[in-house]
Amino acid sequence: MKKLIFLLIITIFTSCKTKFNTNENTRERLGVTAEKAMVVSARKEASAIGVEILNKGGNAFDAMVATEMSLAVCYPFAGNLGGGGFMVYRLADGETGALDYREKAPLEASKTMYQDESGAVISEKSKVGAMAVGVPGTIAGMFAVHEKFGSMAVAEILKPVIALAKNGFVVTAKQAETLQRYSEMFVKVNNDSILFSKDFAEGDTIKNLALSNTLQRISENGRKEFYNGTTGKKVIAFLQDYNGIMKMEDLESYEAKWREPINIKYNDLNIISMPPPSSGGIVLGQILKMIENYPIDEYGHNSVKAIQVITEAERRAYADRSFYLGDPDFVEIPVDSLLNEEYAKRRMENFSFSQATPSSQMDYGEISGYESMETTHYSIVDQYGNAIAATTTLNGAYGSKLYIQELGFFLNNEMDDFSAKPGVPNMFGLIGAEANSIAPGKRMLSSMTPTIVEKNDDLWLTLGSPGGSTIITSVLQTILNVEEYKMTMQEAVDAPRFHHQWLPDEILFEPNAFSSNVLESLQNKGYHIDEGESTIIGKVDAIRVLPDGTLEGGADRRGDDVAVGL
């Protein structure tokens, strides 16, 4: 415990460290730095427990299990046992891979399950309550990771996590505000008060004894505890009490899948990102290929011309996303064609700096041959040279809002990430087509974009973000900030962001972060501007390998995110 306190003190005192950059004659703000290893996540408790596992000799994958399960305890907004996610890894020897532990549609799901007799979409049905819940993949994902790469016993990894749930975590100001905002809905959806519907204030401690007991059973019994043991049976009984369609067969048949990552070349970078059923890697790759021939570094960071080029590339890539992408186990996805350089050039042929390209005139591209704001991401680099980028979610804030009091966790509402009806937007405004329609056992399309970047064949960055449809553009702009605009990791993460997703046809800007001259100039060119009062575009957590081999963390200022180093 003393060692953890010391690490957190070091984190606080180094988070605002500055360093003089003699090349640019400016002061640059570095994030937390560390010599050996680092974890960056949405909560200091999770980052510290991840580093504790590394300090005991564990590797990045042991720390991943500890960090993910810690987030389920202290960040129930998105951390979870009842959701799913994606992970991209790079081993010290350069081997890369990806793990898909995305949720799946129950076997009794159907294409029109969220439509009424006239074919109209009943939107709330896919967002709240038992019918919104997809088959959870998080526990399967953690055990798949551990089986392939783990070096410590699961019981040892989960020990500090179980203690965190039992002893409690301290509520932050932002967390208190969020819990208060959803308190009434928790009671309404669950037909009763729950642990998290109480009136918590900043500084209060939340102890989750039910979750500590669940984690203890998983620690003792392994993966089977969740998928065909006591915990799994309680999950199904709970859902059936709330008129859900999930059955034990759904849990018993669930498997996490190892997949080949998407590889994208950009300048001297090799970008390794998540393949379908995440749209992240492909859309990120498309945007990068569309902008690569434009000198955006010369245009200047967040200048009118840079925003135009990036926006128009985003517009075209998201149009393609809506039509072509879905679960690769169910639909053919033309990955090579979508990431082809000639195709990227053709997509930008009708772009002009003089005027915006209206989305009403922009369909998906002719080729030859969705996701929540309330996701969370964490990045890890260990002392052995291994790196992971992992993004996990319940979809909406606290998922379906259904909370299993006896087990201590929320269930997801991932079914809303399917196209309830082709052409009808989901809760994040994303339009889907037949490729992402509902089918039994199918994985819903995602925007999660866990990403690792190599520079000159060496590990350089690991990053990702929550943010729904803005995840991809948050990751994109963070990479560009470091590569094109030579920012530190912390500066790159903190820099103002903007977003366009084809439909609705507007550029979303973080409020009070862009000059009125820039916004006015874009409006004069026909761009529709949305500068929401409290809009947050992503919460990027990232790690950069510095030239001397030390690590710099970028923990997003927009949340309670913290980097802890070893």
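What you see is a predicted model; the values in this text were computed from it and never measured.

## Quick look at the nonpolar core
M64, L81, M87, Y101, F196 and I388 are the most contacted members of the largest nonpolar core, which totals 88 residues. Sorting elements by how many residues they give to this core places helix α3 (residues 60–74) first, with eleven residues. Setting aside residues up to four positions removed in sequence, I388 forms contacts with A60, F61, M64, M87, V88, Y89, Y378, S379, I380, I452 and T462. Counting residues in hydrophobic clusters, the runner-up holds 64 residues, among them I282, A313, L445 and L476.

## A word on helix α13 (residues 304–324)
The end-to-end C-alpha distance of α13, which contains 21 residues, comes to 30 Å, matching closely the 30 Å that a straight helix rising 1.5 Å per residue would cover. Of all 21 residues in α13, 19 are buried, a share of seventy percent or more.

## Points about the packing of helix α11 (residues 280–291) against helix α16 (residues 471–483)
Running from N to C, α11 and α16 point in directions that differ by 45 degrees, and their axes come no closer than 10 Å. In terms of orientation, α11 and α16 fall into the oblique class. Taken as a pair, α11 and α16 cross one another with a handedness that is right-handed. Residue-level inspection shows G280, V283, L284, I287, L288 and I291 of α11 in contact with α16, the latter providing I472, V475, L476 and L480. Taken together, the residues of the contact of α11 with α16 break down into nine nonpolar, one polar and no charged.

## Observations regarding the pairing of strand β5 (residues 84–90)
Within β5, seven of the seven residues are buried, leaving the element largely enclosed by the surrounding structure. In β5, alternate side chains face the same way, and those of G84, F86, V88 and R90 on one face and G85, M87 and Y89 on the other are all buried. Alignment of β5 against strand β13 (residues 387–393), held across seven bridges, turns out to be antiparallel. Among the inter-strand pairings, G84 is bridged to a residue of β13, identified as T393. Direction of pairing for β5 relative to strand β6 (residues 96–101): antiparallel, over a ladder of six bridges. Directly across from Y89, in β6, lies its bridge partner G97. Counting the residues that bridge the hairpin from β5 to β6 gives five residues, and of these G94 lies at a positive phi of roughly 95 degrees.

## What to know about the packing of helix α2 (residues 44–55) against helix α5 (residues 154–167)
Running from amino to carboxyl end, α2 crosses α5 at an angle of 150 degrees, the nearest separation of the two axes being 10 Å. The orientation of α2 with respect to α5, classified from their angle, is roughly antiparallel. Relative to α5, α2 is oriented so that their crossing is right-handed. Counting all contacts with α2, which are made through E45, I49, E52 and I53, the residues of α5 involved are E156, I157, P160, V161 and L164. A class-by-class count of the residues in the contact of α2 with α5 yields six nonpolar, no polar and three charged.

Calculation notes
- Residues numbered from 1 in each chain as written.
- Predicted model: local features only at pLDDT ≥ 70, side-chain atom pairs only at ≥ 80, totals over all residues.
- Heavy atoms only, no water.
- Core = buried A, V, L, I, M, F, W, Y, C linked by side-chain atoms within 4.5 Å.
- Buried < 20%, exposed > 50% of the residue type's maximum accessible area, 1.4 Å probe, protein only.
- Helix = DSSP H or I, 4+ residues; strand = E, 2+ residues; numbered from the N terminus.
- Contact = heavy atoms within 4.5 Å.
- Expected span 1.5 Å × (residues − 1).
- Axes fitted to C-alpha atoms, helices over the stretch in contact; angles between N-to-C directions.
- Parallel < 35°, antiparallel > 145°, perpendicular 65-115°, else oblique.
- Left-handed = near helix turned anticlockwise from the far one by under 90°.
- Nonpolar A, V, L, I, M, F, W, Y, C, P; charged D, E, K, R; others polar.
- Pairing = 2+ DSSP bridges.

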